[in-house]
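Topology and contacts: notes
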Amino acid sequence: MGSSVNGPEVHCPTVHAEREGCAGEVAKEGRLKWTPGLPIKTSGERRGCDSMGPGRPERIGGNMNNICALIVDDSSVMRKIVERSLRQAGLSIAQVLEAGNGAEALAAVQKNKVDLILCDINMPVMDGLEFVKQLSGVESAKGIPVVMITTEGSEGHVVQALSAGARGYIRKPFTPDQVKEHVLPVLEAK
Amino acid sequence: MNSPNPALSSAQSRECWLPTLQLAMQEVFELMLACPLEVPVELPLEEGLDITSMVGLAGQLCGILTVRCSAKSAARMASRMLGIDAETAGPEMWDAVGEICNMVAGNFKNKITGLGDGCMLSVPTVITGAEYNLHSMVNEEMHTTLLFEGEPVVLSLEVHN
């Protein structure tokens, strides 16, 4: 496949999600200006999630309260939607960490006390399946439940994800109720 | 993954693809944007559709799935997905349209028997501007137009046999 772009701009939303300004534009030769190693972004209240911090998550009525969730997706729009769905599911979230790929997510779990990971599969740099495999080798990440949220909804992908260590699987498009249905049980079982 | 799949290559089996594509897009808009898409009574003019989102398909089905809409519609989509003011939507609208295209492609392939595991999706790419030519090794093309808040959104699947 070839494309002749004459005038219009070509954007990779994945990159735009992470970088402002020039990143994400494709040069006329078709090369993407990609800058790996982007910083982890955080949102929400900053309490209860730093390593050894005072506000560690508490169990109330079987559910986790004040949890720290790590959302891994190359789309910033999707990360925001997942965060909103978690809140609509009734989870008390103290902090949300965001990562644009598996490599960033691995760095995040090593620096932070994370209670839940929601992870896309198709991502640049390191995909979600590879991330889950590598996560099992991180001592500080033992027992953190991972729920995949992805467009890859085939049985084969589900099996691969669960074999790699994921505890749940949500297909896009999804509703907040589906997020609740898949996330609460894995948190309760943690 | 690239072994021939007779169920995918017969013209008869592809007859259902267009309504399946339409359904895939309608589900994405209903679930993720809380906005049902309407089927136009008459085909609207495809003017000003200067946002194009593309996702490549590779494997047992090779081709490109594209979603085209106006910048105004793209901003409205971002607004609905993120709860932001459409007037202030910037790069978010590219990301939103790209993610919609990605979800439509994934939803579509998951509805076609044999495609779920046999077809991979690329990350989405978004083109802004209408004056461009896209050349792909297409043998078959199907497209449908639906209305999002009264504005046309064109969904196309270009297949390379």
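What counts and what doesn't
- Within every chain, residues take consecutive numbers counted from 1 along the sequence as written.
- Naming scheme: in the order in which they are written, chains are lettered from A and ligands are numbered from 1.
- At least 70 in pLDDT is required for a residue's local features to be given in this predicted model, at least 80 for side-chain atom pairs to be given and counted, and no such filter applies to totals for whole chains, interfaces and linings, which use all residues.
- Secondary structure elements are taken from DSSP: a helix is a run of H or I of four residues or more, a strand is a run of E of two residues or more, and numbering for both begins at the N terminus.
- We call a residue exposed when 12 or fewer other C-beta atoms sit within 10 Å of its C-beta, buried when the count reaches 20 or more, and partly exposed for counts in between; the C-beta positions come from the backbone.
- Only the C-alpha atoms count toward the radius of gyration. The rule for a globule is 2.2 Å times the residue count to the power 0.38.
- Note on contacts: each residue gets a C-beta atom placed from the backbone, and two residues are in contact if those atoms are within 7 Å.
- Think of the arc as the fan of directions from the helix axis to the C-beta atoms.
- Pairing between two strands is assigned when DSSP locates at least 2 bridges connecting them.
- Seen with its strands pointing away from the viewer, a crossover is right-handed if its path from the first strand over the helix to the second goes clockwise.
- Each residue carries a pLDDT score, the predictor's own confidence in it, on a scale running from 0 to 100.
- Interaxial angles span 0 to 180 degrees and are taken between N-to-C directions of axes, which are lines fitted to C-alpha atoms, for helices over the stretch in contact.
- The scheme is simple: roughly parallel for angles under 35 degrees, roughly antiparallel for over 145, roughly perpendicular for 65 to 115, oblique for anything else.
- The handedness criterion is simple: a crossing whose near helix is rotated anticlockwise from the far helix by less than a right angle is left-handed, and one whose near helix is rotated clockwise is right-handed.
- Gly falls in the polar group here, along with every residue not listed as nonpolar (Ala, Val, Leu, Ile, Met, Phe, Trp, Tyr, Cys, Pro) or charged (Asp, Glu, Lys, Arg).

What follows covers the overall build of chain A. Within chain A, the regular secondary structure consists of six helices and 10 strands. For chain A, the residues scored as buried account for 44% of the 190 residues in total.

A few words on the overall build of chain B. Along the backbone of chain B there are five helices and seven strands. The secondary structure elements of chain B, listed N-terminal to C-terminal, are α-α-α-β-β-α-α-β-β-β-β-β. Taken against the 2.2 N^0.38 rule, which gives 15 Å for 161 residues, the C-alpha radius of gyration of chain B at 15 Å falls within 12% of a compact globule. With the C-alpha coordinates aligned to their principal axes, the bounding extent of chain B is approximately 50 × 30 × 25 Å. Residue pairs in contact within chain B that sit at least 24 positions apart in sequence constitute 64% of those at least 6 positions apart.

All names here are of chain A. Regarding helix H4 (residues 128-135), the residues found buried are Gly128, Leu129, Phe131, Val132 and Leu135. Along the axis of H4, the buried positions cluster into a sector of 160°, meaning they face one direction only. The inward-facing, buried residues of H4 contact strand S6 (67-72), helix H3 (102-111), strand S8 (116-119), strand S9 (146-150) and helix H5 (155-164).

A few words on the pairing of S8(A). Residue and element names in this part refer to chain A. Every second residue of S8 is oriented toward a common face, with Leu116 and Leu118 on one face and Ile117 and Cys119 on the other, all of them buried. Across four bridges, the pairing between S6 and S8 is parallel. Directly across from Ala69, in S8, lies its bridge partner Leu116. One ladder, built from three bridges, connects S8 with S9; its direction is parallel. Of the residues in S9, the one forming a bridge with Cys119 is Met148. The β-α-β motif built from S8, the intervening H4 and the parallel element S9 has right-handed crossover chirality.

Another aspect to go through is the confidence of the model for chain A. Residue and element names in this part refer to chain A. Per-residue confidence for chain A gives a mean pLDDT of 74, with 66% of residues at or over 70. Predicted confidence is poor over residues 1-6, with pLDDT under 50, and the contacts of this stretch with residues over four places away or in other chains come to 12 contacts. Every residue in residues 44-62 scores below 50 in pLDDT, and together they form 39 contacts with partners more than four places removed in sequence or on other chains.

Residue and element names in this part refer to chain B. With respect to the helices and strands, Asn161 occurs in the segment after strand S7 (151-160). Between the C-alpha atoms of Asn161 and Ala130, which are 31 residues apart in sequence, the distance is 27 Å. Residues within four places of Asn161 in sequence aside, it is in contact with Asn139 and Glu140.

A few words on the packing of H4(A) against H5(A). Residue and element names in this part refer to chain A. Where H4 meets H5, the closest approach of the two axes is 8 Å, and the angle between their N-to-C directions is 20°. Classified by the interaxial angle, the pair formed by H4 and H5 is roughly parallel. For the pair H4 and H5, the crossing hand works out as left-handed. On H5, the residues touching Leu129, Val132 and Lys133 of H4 are Gln160, Ala161 and Ala164. Along the lines of polarity and charge, the residues of the contact of H4 with H5 split into four nonpolar, one polar and one charged.

Residues and elements named next belong to chain B. Within strand S2 (residues 62-69), eight of the eight residues are buried, leaving the element largely enclosed by the surrounding structure. Burial along S2 is two-sided: the face carrying Cys62, Ile64, Thr66 and Arg68 and the face carrying Gly63, Leu65, Val67 and Cys69 are both buried. As paired elements, strand S1 (residues 51-59) and S2 share seven bridges and run antiparallel to each other. Bridge pairing in S2 places Ile51 opposite Cys69. Here S1 folds back onto S2 in antiparallel fashion, the turn holding two residues. Note that S2 and S7 share seven bridges and pair antiparallel. Opposite Gly63, over in S7, you have Val159 as the bridge partner.

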